[in-house]
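Residue-level listing of the chains:
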Amino acid sequence: MNQVSIHPLIDDGNNTASENHDFCGGVLQCLCTNNKVEVSVNSQSSHNHACGCTKCWKPADATFSIISVVPRDKVSISKHQGKLHIVDEYALIQRYACRDCGVHMFGRIENKSHPFYGLDFIHTELSPQSGWSKVKFAAFVSSIIEGGTPPHKMSLIRNRLRELGLEPYDCLSPELMDVISIHAAKKAGIITE
Ligand SMILES: N[C@@H](CCC(=O)N[C@@H](CS)C(=O)NCC(=O)O)C(=O)O
Ligand SMILES: [Zn+2]
Ligand SMILES: [Zn+2]
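Once a new chain begins, its residue numbering starts again from 1 and follows that chain's sequence as written. Ligands are numbered from 1 and chains lettered from A, in the order in which they are written. Since the coordinates come from a predicted model, pLDDT governs what is reported: local features require at least 70, and pairs of side-chain atoms require 80 or more to be given and counted, while whole-chain, interface and lining totals use all residues. In computing side-chain values, all of the structure's heavy atoms are included and hydrogens and water are not.

Taking an unreviewed UniProt entry as the reference, the chain is identified by name as Glutathione-dependent formaldehyde-activating enzyme belonging to Aliiglaciecola lipolytica E3. UniProt positions are given in the numbering used here, feature names are shortened, and annotations may be inferred rather than shown by experiment. A UniProt comment under Pathway (unreviewed entry) is attached to the chain, and it reads "One-carbon metabolism; formaldehyde degradation; formate from formaldehyde (glutathione route): step 1/3." Among the UniProt annotations of the chain, the heading Catalytic activity (unreviewed entry) holds the following wording: "S-(hydroxymethyl)glutathione = glutathione + formaldehyde".

Below, the structure is given as structure tokens:
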């Protein structure tokens, strides 16, 4: 069967397996064999989704990354902080990566006026614990072309995402796009609450 790969963790259609509503976090580990960087996350993840952009970390054999958010005050570096560096200081999301294995441990927004300020971006697949929220949609789908996917495969990939229960969007989901616009409308005084 000529099936396209989205991400090894969801390709088998088993995306719903482990979500646990009582789950309250775990430890993210980098992929080094020794001296693993560890980041403690004391919260369940939200808005877990597949991201097709070129900036988010993904395993070598994946077309999409899997990324979610947690409150930034629930994230702390617990081991080998010295191995972390910021991938791009000028990006909106400052991604803290392990210098040795390249994995992004978390991403942080420092611009206090950004609608997503206060949320850190994490890859729950780096955690040995199970119970994290399930992947709910696919964002920045058209961007996979910038990552090398041949454009003629796009409809096959969008169909496969739908088959896996992940509605494909070329930016963020409508819910998150609304959050961004509500923030902008409040800032401009168009709406008050
Ligand atoms: N088409 C671009 C899209 C990049 C992009 O805008 N990514 C989104 C989703 S992660 C974003 O919010 N980026 C902010 C950032 O990377 O700092 C690419 O693939 O590089
Ligand atoms: Zn590492
Ligand atoms: Zn991304």
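So, next bit.
Details of the site of ligand 1
Note on definitions. A residue lies near a molecule or strand when any single heavy atom of the residue is within 4 Å of it. For ligand 1, the full set of nearby residues is C51, C53, T54, K55, C56, A91, L92, I93, R95, F140, S143 and E146. Contact with the protein chains covers 76% of the free accessible surface of ligand 1, which is 500 Å². Ten residue types, Ala, Val, Leu, Ile, Met, Phe, Trp, Tyr, Cys and Pro, are classed as nonpolar, four, Asp, Glu, Lys and Arg, as charged, and the remainder, Gly among them, as polar. When the residues that make up the shell around ligand 1 are grouped by side-chain class, the tally is 7 nonpolar, 2 polar and 3 charged. Surface accessibility follows the Shrake-Rupley procedure with a 1.4 Å probe radius. Residue values consider only the protein chains on display as shielding.

Some words on the coordination of the zinc ion (ligand 2)
Bound to the zinc ion (ligand 2) on the protein side are C30 (SG), C32 (SG), C98 (SG) and C101 (SG), at distances that span 2.3 to 2.4 Å. What the 4 donor atoms of the zinc ion (ligand 2) show is an angle range of 106 to 117 degrees at the metal, which sorts the shape as tetrahedral. Counting the intervening residues between successive donors of the zinc ion (ligand 2) yields the motif C-x1-C-x65-C-x2-C. Coordination here is defined by N, O and S atoms within 2.8 Å of the metal (3.2 Å for Na, K and Ca), and since water is not considered, a site can look incomplete. For a four-donor site, all angles between 85 and 135 degrees give tetrahedral; for four or six donors, opposite pairs above 155 degrees with the remaining angles between 65 and 115 give square planar or octahedral; all remaining cases count as irregular.

Quick word on the coordination of the zinc ion (ligand 3)
Six octahedral donors around a metal ideally subtend angles of 90 or 180 degrees, whereas four tetrahedral donors ideally subtend 109.5 degrees. The zinc ion (ligand 3) binds to the protein through C51 (SG), C53 (SG) and C56 (SG), with metal-donor distances spanning 2.2 to 2.4 Å. What the 4 donor atoms of the zinc ion (ligand 3) show is an angle range of 96 to 123 degrees at the metal, which sorts the shape as tetrahedral. Along the chain, the residues donating to the zinc ion (ligand 3) are arranged with the sequence spacing C-x1-C-x2-C.

As for the packing of aromatic side chains
Under the pairing criterion, centres of Phe, Tyr and Trp rings, with the six-membered ring standing for Trp, must be within 6.5 Å; the plane angle then separates stacked pairs below 30 degrees from edge-to-face pairs above 60, leaving the rest tilted. In the structure shown here, the tally under the stated rule is 3 aromatic pairs. Relative to W132, the ring of F23 has its centre 4.8 Å away and its plane inclined at 70 degrees; by these criteria the two rings are edge-to-face. Placement of F23 in the segment before β1 (26-29) and of W132 in the loop between β9 (119-122) and β10 (137-139) is noted, with a sequence separation of 109 residues between them. When sorted by exposure, F23 lands in the same class as W132, which is buried. Only runs of H or I of at least four residues qualify as helices and only runs of E of at least two qualify as strands under DSSP, and these elements are numbered from the N terminus. For each residue, the accessible area found with a 1.4 Å probe, counting protein chains only, is set against the maximum for its type, and the residue is called buried under 20%, exposed over 50%, and partly exposed in between.

Some points on the environment of Q129
You can see Q129 is positioned in the loop between β9 and β10. Once the C-alpha coordinates of Q129 and A139 are considered, the two residues, 10 residues apart in sequence, prove to be 25 Å apart. Contacts are residue-level and defined by heavy atoms, with any inter-residue pair within 4.5 Å sufficient. Among all residues touching Q129, those that are not within four sequence positions of it are F23, G25, G26 and V27. A polar side-chain atom of Q129 sits 2.8 Å from a polar atom in the side chain of S127. Polar contacts, as used here, are pairs of N or O atoms within 3.5 Å; protein pairs need one atom able to donate a hydrogen and one able to accept it. Residues neighboring in sequence count only if both atoms are side-chain atoms.

Comments concerning the UniProt feature "domain: CENP-V/GFA" (unreviewed entry) in the chain
Here, UniProt's "domain: CENP-V/GFA" (unreviewed entry) annotation points to residues 23-170. Here residues 23-170 is 7% helix and 34% strand, with 30 Å between the C-alpha atoms at its ends.

Description of a nonpolar patch on the surface
Side chains of I182, I190 and I191 sit close together on the surface and give an oily, nonpolar patch of about 270 Å² of accessible area. Inspection of the secondary structure puts I182 in helix α2 (residues 174-187). When its relative accessible area of 40% is taken as the criterion, I182 is described as partly exposed. The patch calculation keeps residues exceeding 30% relative accessible area without a salt bridge and links them within 9 Å when they carry like charges or within 5 Å when they are nonpolar (Val, Leu, Ile, Met, Phe, Trp, Tyr). In what follows, salt bridge is the name for a side-chain nitrogen of Lys or Arg lying within 4 Å of a carboxyl oxygen of Asp or Glu.

Notes on helix α1 (residues 154-163)
M154, I157, R160 and L161 are the residues of α1 that are buried. Buried positions in α1, seen along its axis, are confined to an arc of 125 degrees and lie on one side of it. Looking at the buried positions of α1, the neighbouring elements they touch are β10 and β11 (167-168). Where α1 terminates, the next one or two residues include G165, which has phi positive at roughly 85 degrees. By definition, the arc is the one covered by directions from the helix axis to the C-beta atoms.

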